[in-house]
Amino acid sequence: LHTIIHSISHQHFTWHGTMSGGEERTDANVAVYFASETGHAKACARRAARRLTSLFQSKCGGCIERISFDEIDFIGRHAMLGDEKRLAIIFISTTGDAEMPSSIQRTWNLLLSKSLSTTILANLQFALFALGDRAYGPDAFCAAGRKLAARMAQLGAQPLCNLGYGDDGSPNGGVFADLDVWLDEELIPIMKKRFACNSDPRTGTLNESPFTVSVEHERPLAGKDSQMPEWHDRLFNYSRSAANTCPQGAYQYNSKLLRISKSEGSSNLPLLGTVTLNERITAEGWIQNTRHIKINVVANDAQSQALLTPEDANGHHLPYQAGDIAAVIPSNSTGEVDRFLAVLPTSIRSMADCILDIQVRPSSQANNPWPEKCTLRGLLTHCADLQGLPEREDLFSLAQFCNPGHHEGVAHQNKLLSLSETSGAALYGDYIIREKRNWADVFYDFDSLRWEGSSGGKALLTIEHLLAILPSIAPRYFSIASSPSHLALRAQKNLLGFEIELCIAVVEGMTPRGRKYTGLCSTYLSKMASSSRSDTSNLIRMWIRPGSFSNLPIQPATNLTRRRFFDTPVLCIGAGTGIAPLRALIMEREANWKDIAGPDDNDEGKDVDNILVYGSRKKAKDYYYGVEWEKLVSSNRLRTILAFSRDQPHKFYVQRALREADGGDFIVQHLIHRKGAVYIAGGSKMARAVKDEILESLSSAFSGGERDAKKFMNKLKRRGLLSIEAWS
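Only a predicted model underlies this, so the values are computations on that prediction, with no experimental measurement involved.

Turning next to the pattern of salt bridges. Counted under the stated rule, the structure contains 34 salt bridges. A salt bridge links Arg-46 to Glu-391, with the shortest nitrogen-to-oxygen separation between them at 3.4 Å. Of this pair, Arg-46 sits in helix H2 (residues 40–56) while Glu-391 sits in the loop between helix H12 (376–382) and helix H13 (392–399), placing them 345 residues apart in sequence. Glu-391 gets classed as partly exposed once you look at its relative accessible area, which sits at 25%. A salt bridge links Arg-377 to Asp-353; the nearest nitrogen and oxygen atoms lie 2.8 Å apart. Of this pair, Arg-377 sits in helix H12 while Asp-353 sits in the loop between helix H11 (346–349) and strand S13 (354–360), placing them 24 residues apart in sequence. The exposure class of Arg-377 is partly exposed, given its relative accessible area of 27%.

Right, dumping it as structure tokens:
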């Protein structure tokens, strides 16, 4: 890849546009593309587009547009047409085990087509910034970006500059700190040679908001006192804003909650569920509060209800697969909303309970992430990510609303601008990242944002501008801890809908300066009281999408007289809440085993099909689902290899337990001799250590050493028999 990039990036490429030498050409065609899983690549695209627009707006035909890959036909848009030259500035994250993010899957599959000409992108030049985490190892770090760059070069596209690499672990801003270095040292210098700069890109002006907001009337008192969440109230219109946050690849369901294909029609609306069980599974007083939560999914809109029949439960109509992921939309607490309202200008705060009509200006190309009809309080509660950490671009946008009439207004503006710049990366890291200051904190500290003067003046910040700056709540992802087949076997008669179970560690802690912080979604779910299906006050909005373990082998042994029930034994390796998807896999195989084994069949003399390697701190404190595992062990349905890091003087982790099992021969026996599968879930450092341990063990078993071991592991990966689901 580096050889390709180096050789092509030094070739001459003629650009349309006005060169610094004065030669007249037509406007350049420049666009920014992003493929994001958690939103980081999208945020990088936003920052780059703003900086490039401020520098080259007059030469790039106005504001540079930002586009998600699968929103357009990327190949059709850039296929070689005449002499028109185009520039694509690309930001792409790596997800899972060196995989492409879901928002580029369709485009990536098309790019891989063997029928494409090697010159189809010959009129496209690109600059690419790849996002990743070095904790996943050198092979996985920014793998998606490196693959995309290589494939585009194979199809004739030409790199404008060296690839950029963003590391989640970089100090003072993670990938954003690396982004600024790449922009300043790679992309912008080359573009300056091609285009004349605008005069002063640092100075902000009061830009027109893409939204218009009209106040209809105050919400009726009866509505304010309702226990029903506003997003569920038919008086308002939250449907479109919810549909806009639907994850790529999320399953679609009909009115009976049976899965359907997108071609059968879909609304992208979330599923609705009620919490029927919410219990702590760590010991009382332990440092971590981890919850087991059961959710009864009852509808896919505000009215539909569905009964799960035995045919649906046991057939191909299972509502999800073991190892799938729940994407939950949380809501802010009443206290957090009141705290944010208190630091807004009076002109905005006074309309908190008024019914608003929010529309996008006809001249704007922006998407509307907000409900068309809602109250401001409802929008801040259910749609705005108030607890998120403001990005540098947010601080840049806020700077223009510091009122110069305030005694510190100008100083506040300069401070916010400094925090937004590359030179202020360390300050931003201290102020925002390490101290986890959210939106209310920033508005409180920079009170010139809400200053309206002493004689009935107005703040510069309007509700239209506020909606243009605030981020919307993105779904939070949790691996589902339940097996649909296993739950279906235990389901109550005439169960409405279907059930999922989650294993969630509640995020809470203290910053270096003693500021308490909590996670939005984990806290939201932890406080959901168990309730009946008819209780609409505790409804949860969510989607379900495929996870990393979709190829779980559940085929019965071809000869049932053999020493095991399944053709492929499965090894599950995890730590902490990484147990969630592994529990789903084990229980799914258990449910299938019960269907395979006859009433007279027993486990005597059979090899164990399922093996669990699990690690946590202390067995007595956080051995998640330990009772279930011990029951399966006692019936010869599971083997456990446990690693509790703090139960002995020295630290003992899962990778060491794996290395020492069966006298050091365990991995080779399982993967080579028993032809088993491996599924790994948990933190990225643990996942990398386990993968390295497997590689080292296999290297000793092959004559070709590490080279043959990597080939073997890649073969397992392609067959879905080696999968990793890890997170930072």
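With that out of the way, let us pick up helix H14 (residues 409–420). In this model, H14 (12 residues) spans 17 Å end to end at C-alpha, consistent with the 16 Å of a helix rising 1.5 Å per residue. Contact partners of the buried residues in H14: H2, H13, helix H15 (425–434) and helix H16 (439–445).

Moving on: the sheet that holds strand S7 (residues 211–218). In spatial order, the strands read S7-S13-S14; together these three strands make up an open sheet with antiparallel pairing. The open sheet terminates on both sides in strands that have one partner only, identified here as S7 and strand S14 (373–375). Averaged over neighbouring strand pairs, the angle between their axes works out to 35° when direction is ignored. With seven bridges joining them, S7 and S13 adopt antiparallel strand pairing. Paired with His-217 across the two strands is Ile-355, which belongs to S13.

Turning our eyes to something else, we now look at the sheet that holds strand S20 (residues 570–575). Strand order in this open sheet of five strands is S22-S21-S20-S23-S24, and the pairing throughout is parallel. Pairing within the sheet leaves two strands with one partner each, and these edge strands are strand S22 (639–644) and strand S24 (722–727). Across the sheet, the mean angle separating the axes of adjacent strands is 10° when strand polarity is ignored. Seen against the sheet, helix H25 (residues 684–699) touches S20, strand S23 (677–683) and S24 and runs at an angle of roughly 150° to S23.

Moving on: the packing of H13 against H14. It is at 8 Å that the axes of H13 and H14 come closest, and there the two elements cross at 155°. Between H13 and H14, the angle is such that the two are roughly antiparallel. Like other packed secondary-structure pairs, H13 and H14 cross with a definite hand, here left-handed. Across the interface between the two elements, Arg-392, Leu-395, Phe-396, Leu-398 and Ala-399 of H13 pack against Gln-413, Leu-416, Leu-417, Leu-419 and Ser-420 of H14. A breakdown of the residues in the contact of H13 with H14 according to their chemical character gives seven nonpolar, two polar and one charged.

Moving on: the environment of Tyr-136. With respect to the helices, strands and loops of the structure, Tyr-136 is situated in the loop between strand S4 (124–132) and helix H5 (143–154). Spatially, the C-alpha atoms of Tyr-136 and Lys-685 are 6.6 Å apart, while their sequence positions differ by 549 residues. The residues contacting Tyr-136, other than those within four sequence positions of it, are Gly-96, Ser-684, Arg-688, Ala-726, Trp-727 and Ser-728. Here Trp-727 takes part through its backbone nitrogen, which lies 3.4 Å from a polar atom of the side chain of Tyr-136.

Conventions used here
Residues numbered from 1 in each chain as written. Predicted model: local features only at pLDDT ≥ 70, side-chain atom pairs only at ≥ 80, totals over all residues. Heavy atoms only, no water. Salt bridge = Lys/Arg side-chain N within 4 Å of Asp/Glu carboxyl O. Helix = DSSP H or I, 4+ residues; strand = E, 2+ residues; numbered from the N terminus. Buried < 20%, exposed > 50% of the residue type's maximum accessible area, 1.4 Å probe, protein only. Expected span 1.5 Å × (residues − 1). Contact = heavy atoms within 4.5 Å. Pairing = 2+ DSSP bridges. Axes fitted to C-alpha atoms, helices over the stretch in contact; angles between N-to-C directions. Parallel < 35°, antiparallel > 145°, perpendicular 65-115°, else oblique. Left-handed = near helix turned anticlockwise from the far one by under 90°. Nonpolar A, V, L, I, M, F, W, Y, C, P; charged D, E, K, R; others polar. Polar contact = N/O pair within 3.5 Å; in protein donor to acceptor, adjacent residues only side chain to side chain.

So far we have only geometry, and geometry alone does not tell us how the molecule works.
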